[in-house]
Protein chains: 2
Amino acid sequence: MTQQQAIEIYKENRRKLLAFRYVDFVTSWDHETEAPAGAIPLEAAQQAVLAEMEYKLQTDPLFQEAVESLYGDRGSLDPVLAHELEEQHRQIEEMQKIPMEEFTAFRELLAHTYPVYVKAKKQNDFASFAPYLEKIITYNRNLTKYLEKPGKRGYDVLLDRFEPGFLKTDYDRFFGLLRQKLVPFAAKVNASPLKGDFSFGKCQYPKEDQIRFCEYLRDVMCVDRDHAIMRESEHPFTTGFGSEDIRITNHYYEDNLISSIFSAIHESGHGLYMAQVDKALNETLSWDGASMAMHESQSRFYENMLGRSPLFWKVHYPKLKEVFSEQLKDIPLNIFTRYINQAQYSFIRTEADELTYPLHIMLRYDVEKAVIEDGLPATELPAFWNERFHDYFGMTPPTDTLGVLQDVHWATGEFGYFPTYALGSAYAAQIYSAMERDLDVEKALSSGTTQEINDWLREHIHKYGASKYPKEILKIATGEEFDPQYYVDYLIDKYSAVYYFSR
Amino acid sequence: MTQQQAIEIYKENRRKLLAFRYVDFVTSWDHETEAPAGAIPLEAAQQAVLAEMEYKLQTDPLFQEAVESLYGDRGSLDPVLAHELEEQHRQIEEMQKIPMEEFTAFRELLAHTYPVYVKAKKQNDFASFAPYLEKIITYNRNLTKYLEKPGKRGYDVLLDRFEPGFLKTDYDRFFGLLRQKLVPFAAKVNASPLKGDFSFGKCQYPKEDQIRFCEYLRDVMCVDRDHAIMRESEHPFTTGFGSEDIRITNHYYEDNLISSIFSAIHESGHGLYMAQVDKALNETLSWDGASMAMHESQSRFYENMLGRSPLFWKVHYPKLKEVFSEQLKDIPLNIFTRYINQAQYSFIRTEADELTYPLHIMLRYDVEKAVIEDGLPATELPAFWNERFHDYFGMTPPTDTLGVLQDVHWATGEFGYFPTYALGSAYAAQIYSAMERDLDVEKALSSGTTQEINDWLREHIHKYGASKYPKEILKIATGEEFDPQYYVDYLIDKYSAVYYFSR
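What counts and what doesn't
- Every chain is numbered independently, its residues counted from 1 as its sequence is written.
- Chains carry letters from A onward and ligands carry numbers from 1 onward, assigned in written order.
- Totals for whole chains, interfaces and linings use every residue, but because this is a predicted model, local features are given only for residues with pLDDT of at least 70 and side-chain atom pairs only at 80 or more, for both listing and counting.
- Note: side-chain values were computed over all heavy atoms of the structure, leaving out hydrogens and water.
- Secondary structure counts use DSSP, requiring at least four H or I residues in a row for a helix and at least two E residues in a row for a strand, with both numbered from the N terminus.
- To get the radius of gyration, use the C-alpha atoms; to get the globule rule, take the number of residues to the power 0.38 and multiply by 2.2 Å.
- We call a residue buried when its accessible area falls under 20% of the maximum for its residue type, exposed when it is over 50%, and partly exposed in between, using a 1.4 Å probe and counting protein chains only.
- It only takes one pair of heavy atoms within 4.5 Å for two residues to be counted as in contact.
- Accessible surface is estimated by sampling points in the Shrake-Rupley manner with a 1.4 Å probe; for residues, cover comes only from the protein chains shown.
- Counting rule applied: Lys, Arg positive; Asp, Glu negative; His and chain ends not counted.
- The atoms used to mark charge sites are NZ of Lys, CZ of Arg, CG of Asp and CD of Glu.
- When the copies are overlaid, the least-squares fit takes in C-alpha atoms only where the residue has pLDDT of at least 70 in both copies.
- Here a strand pair is declared whenever DSSP counts at least two bridges between the two strands.
- Here, a salt bridge means any Lys or Arg side-chain nitrogen found within 4 Å of an Asp or Glu carboxyl oxygen.
- Accessible-area loss on putting two parts together, using a 1.4 Å probe and summing over both, is the definition of buried area adopted here.
- Any N or O atom pair separated by 3.5 Å or less is treated as a polar contact, with the protein-specific requirement of one donor-capable and one acceptor-capable atom, and with residues adjacent in sequence counted only for side-chain atom pairs.
- Each residue is assigned to one of three groups, with Ala, Val, Leu, Ile, Met, Phe, Trp, Tyr, Cys and Pro labelled nonpolar, Asp, Glu, Lys and Arg labelled charged, and all others, Gly among them, labelled polar.
- Note on geometry: axes are lines fitted to C-alpha atoms, helical ones only across the stretch in contact, with angles between N-to-C directions running from 0 to 180 degrees.
- An angle below 35 degrees is read as roughly parallel, one above 145 as roughly antiparallel, one from 65 to 115 as roughly perpendicular, and any other as oblique.
- Note on convention: the crossing is left-handed when the near helix lies turned anticlockwise from the far helix by less than a right angle, right-handed when the turn is clockwise.

(A) View of the overall build of chain A. Each helix and strand counted, chain A has 20 helices and three strands in total. Over its C-alpha atoms chain A spans a radius of gyration of 23 Å, differing by no more than 12% from the 23 Å that the globule rule assigns to 503 residues. The C-alpha extent of chain A, read off along each of the three principal axes, is 75 × 50 × 45 Å. By the burial criterion, 61% of the 503 residues in chain A qualify as buried. In chain A, of all internal contacts separated by at least 6 residues, the share reaching a separation of at least 24 is 74%. Accessible area for chain A stands at about 19,300 Å²; split by element, carbon and sulfur atoms hold 52% of it. Looking at chain A, you have 54 positive and 78 negative side-chain charges, and the mean spots of the two groups are 3 Å apart.

In structure tokens, the structure reads:
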């Protein structure tokens, strides 16, 4: 076939793949926020049929021939299309190696698993979830066999799917630096409780007021209401379709002032990334973030670098005091900012502070490695988890709800995802340092919105979407290769200041 | 092909068609209740691609050959499959006559139209909606040309799509009887205002309390929470997937006590019909109601025959007084039941009482006939509407929001739908009469729930789903052919009693 023919075949198929992505997006959203529980089995069966149709599109011989031919010729194509073909080529190669029945059965399994997981977490009943988890693990172990290559074996295969090019040796080096520098520093911080009466953080904060303040934050972050909605779910998440439809969820705990606030900022960071991708990419398969870690770098940047800074709250604390006038009437700004920057060992990853957060990730990295490479069965996860948790934090989760059941990721099939969270925080520190060369961040924040900062991120990161690999984008944005030293320095500087240590 | 081969091909394709129905269901629900406005254009484009794929499934030559062969042989098939094949045969015949580009462009047009309509209605701005409506009308006029047959021409074609076998001559006869008996009776009632101070109906009724009472009604009607959800939308509606996922919306007006109550009962009537279809039909294409009018007969039966009866409120008025203790403290039961059974000319169909309701339908029947058969252009609809409205009701809507813009149906492409509403009420009266032969309805209601009545309807109507034509089901349920005299008698008896007329 000629290049022109190949491009036409490719684009025709891409149009349909995009429509199926839309279906995935809407049906998943519906399952997680709307569909009645009793409807799940019948609807999971429909999702399996759809997955099968999508698989057939992806494995259509004519489409694959077109990709093959364009891939070989990608030097002569426009760079966005060339990058997309590289990705499609990789995905087709993967799809050809995964048996179709296994792929569709896995999709159906996941739809059945979700409500079981939600119930198990609620009732602290790991045993009811274990048989589902075991099947999910088996699928992931099988994947490592189907997709291995020279230099990419076992857990590498799963890691590479979430952060292209980041394998065990990379993470071992990254986590090695953290183990050497941060783990002892975190222990020192944990042993030095901050002075102050922080009991205000556990007053009653009515849900509707929390929602009102989160709506305010949405405007501070300039998240366009015409393209973004906010709803509730068990575990906060962000999803979207192209740069046009951004959906953010939150979870409100009435006895916790800050959980929903930082979830809102975090998830809006993901949302802004999606919303600021170049609109020209909406018709391609490259409209989302560049990778999991790059996505997480944006949410963490807004949540931690901006959202926990005294500068941010100098501007927005008056509004918070207005919404919670009774609860915060005697709490000055400096006590509030100290409160939100406490670091202390805790059980729940999503509620963890910035400093002890990476320890939670290192724990999950250890668990996933043991599950995928050492054959640890699902039933033994609670014991393994609790033991390792004790190694890192010197304490044991009292329930599985506060332990191995806390995160949704394994229930939704994702092994190899967690490590990207820590990597994202490290990207964020490096990006922050680059931003400060161009921009007076303090001045930008004092304007009342994050618009100027959003603009910098759009120009240096967001606009590229997934049309380049994360390593390329990091290089463009910061002028350097990935360097985790920025992250270590950032954390040690920040917490030394908060805790009045001399370095 | 052998019969066995044909059945296999048919079932394989049906499986996929069912999955696309699920996609239609979820994406439409999402558009109407959830998706941000700015996302509509990009997502409408995806829906168009999906419609195209669905169309290809329906027009697949092998599938059509299988349908053709099984259709010819349907006498030897099980009756459910035989009926489904009759329907598929008819649909394929239709699809072959509608050009694919027109079909997909229409789907995309509808997705664009919905937000325009919502805005136009809000702002009383018919002009902004008119160009969209004109295109929708053109498509419907074209349909009548593509699908006409001997004995089925013009508006007949559209009517037949919503209520199989009911054409202009049938409706002319039905509406003729109403014009002769009901129109003068309604005028007499309208001229005799009911005695009583009904100003309590327009107090403030906070939305959250209305929602609470509607939730109570859901339990009274035994709508299973595990399979049904209730949400809000501009115009109340019910949708579902199989008997497993029922979605009901409502709209709450804080200065109106009864609007949300009767919408809740009405929509739950639709919901119960869907929920009580035989579960064995979930894997077929026959799991919804038998027709538009049969669906409407169920919602109207619950809303009017049960929901407005003194018997019903004898049981449930104490709960209503508990929820609105301040507003209803001086209002005795008999004043409340008189209030909810007032009949008076009004502008809004969905808020109209049972007696004047069919006049609203007759008006729309006249408008649709003029649009489809006499070439009335969209721009002239407001004037035509207002003139005819004056003929029926002796008054003129002060705005288009209270006139031609009030209903969503034309904006969602549906011409030929409205007449089924009146037909549904007439079915309901005939079914009610049959039910009373088997069941002491008063005793059933006094139990506190509608369970016994639900059971009767499941056995006589609901369980069949769409596996039979409405005329057959009506015959099974009532032992008779359709007879509109039941409806006329029911209304004249009821309102003669309410208004103390002697007949």
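(B) Representation of the relation of the copies chain A and chain B in the model. Note on the copies: chain A fits chain B at an RMSD of 0.1 Å, the axial shift is 0.1 Å, and the rotation between them is 180°. As the rotation angle and translation indicate, the two copies are arranged about a two-fold axis. When the interface residues of chain A are mapped onto chain B, 100% of them again fall at the interface, so both copies present the same face.

(C) Region of interest: the pairing of strand S3 (residues 245–250) of chain A. Residues and elements named next belong to chain A. Counting buried residues in S3 gives six out of six residues, a clear majority hidden from the surface. Burial along S3 is two-sided: the residues Asp-245, Arg-247 and Thr-249 and Ile-246, Ile-248 and Asn-250 are all buried. Here five bridges tie strand S1 (residues 228–232) to S3, and the two strands are oriented parallel to one another. Looking at the pairing, Glu-232 lines up with Asn-250 of S3. In this sheet, S3 lies alongside strand S2 (residues 238–241) in antiparallel orientation, the contact comprising four bridges. Looking across to S3, one finds that Thr-239 is bridged to Arg-247. Counting the residues between successive antiparallel strands, the hairpin from S2 to S3 contains three residues, one of them, Gly-242, with a positive phi of roughly 60°.

(D) Structural detail: the side chain of Gln-46 of chain B. The residue Gln-46 of chain B is located in helix H2 (residues 40–58) in this model. Judged by its relative accessible area of 5%, Gln-46 of chain B is buried. Beyond its immediate chain neighbours, meaning those up to four positions away, Gln-46 of chain B contacts Arg-15, Leu-18, Ala-19, Tyr-22 and Phe-241 of chain A.

(E) Broad picture of the pattern of salt bridges. For the coordinates displayed, the defined rule picks out 79 salt bridges over all chains. With a closest N to O distance of 3.3 Å, Arg-107 of chain B and Asp-24 of chain B form a salt bridge. In this pair, Arg-107 of chain B sits in helix H5 (residues 100–122) while Asp-24 of chain B sits in helix H1 (residues 3–33), placing the two residues 83 residues apart along the sequence. Notably, a salt bridge pairs Asp-366 of chain B with Arg-388 of chain B, separated by 3.4 Å at the nearest N-O pair. Taken together, the residues span a long stretch of sequence, with Asp-366 of chain B in helix H14 (residues 357–373) and Arg-388 of chain B in helix H15 (residues 381–393) at a distance of 22 residues. Using a relative accessible area of 12% as the deciding quantity, one classes Asp-366 of chain B as buried. The exposure class of Arg-388 of chain B is partly exposed, given its relative accessible area of 27%. Here the salt bridges share partners, and the residues they tie into one network are Glu-12, Arg-15 and Lys-16 of chain A together with Glu-52 of chain B.

(F) Region of the structure containing the interface of chain A and chain B. Contacts between chain A and chain B engage 40 residues on the former and 40 residues on the latter. Carbon and sulfur atoms supply 61% of the area that chain A and chain B bury against each other, a total of about 3,400 Å² over both sides. Put simply, chain A and chain B have six salt bridges between them. At the boundary of chain A with chain B, the tally comes to 14 residue pairs in polar contact (both at pLDDT 80 or more). Tallied by class, residues from the side of chain A that touches chain B come to 19 nonpolar, nine polar and 12 charged.

(G) Geometry of the packing of helix H9 (residues 207–220) of chain B against helix H12 (residues 310–323) of chain B. Residue and element names in this part refer to chain B. H12 packs onto H9 with a crossing angle of 150° between their chain directions and a minimal axis gap of 10 Å. Between H9 and H12, the crossing angle belongs to the class labelled roughly antiparallel. Both H9 and H12 take part in a crossing whose hand is right-handed. Contact with H9, carried on its side by Asp-209, Arg-212, Phe-213, Tyr-216, Leu-217 and Val-220, involves Phe-312, Trp-313, His-316, Lys-319, Leu-320 and Val-323 of H12 and no other residues of that element.

(H) Layout of the environment of Val-367 of chain B. Residue and element names in this part refer to chain B. Within the secondary structure, Val-367 is located in helix H14. Between the alpha carbons of Val-367 and Leu-381 there is a distance of 7.8 Å; along the sequence they are 14 residues apart. Beyond its immediate sequence surroundings of up to four residues, Val-367 is in contact with Leu-381, Phe-384, Trp-385 and Trp-410.

(I) Representation of the packing of helix H8 (residues 168–190) of chain B against helix H16 (residues 419–438) of chain B within the structure. All names here are of chain B. Direction vectors running N to C along H8 and H16 enclose 60°, while the axes themselves pass 11 Å from each other. On the basis of their axis angle, the class for H8 and H16 is oblique. The chirality of how H8 crosses H16 is left-handed. Taking contact as the criterion, the partners of Tyr-171, Phe-174 and Phe-175 in H8 are, on H16, Pro-419, Thr-420, Ala-422, Leu-423 and Ala-426.

(J) Molecular detail of the sheet that holds strand S3 (residues 245–250) of chain B. All names here are of chain B. The three strands are arranged S1-S3-S2 in an open sheet whose pairing can be described as mixed. With partners counted over all chains shown, the strands left at the sheet margins are strand S1 (228–232) and strand S2 (238–241), one partner each. For this sheet the average axis-to-axis angle between neighbouring strands, irrespective of direction, equals 20°.

So, to be careful, I would describe these as geometric facts and stop short of saying anything about function.
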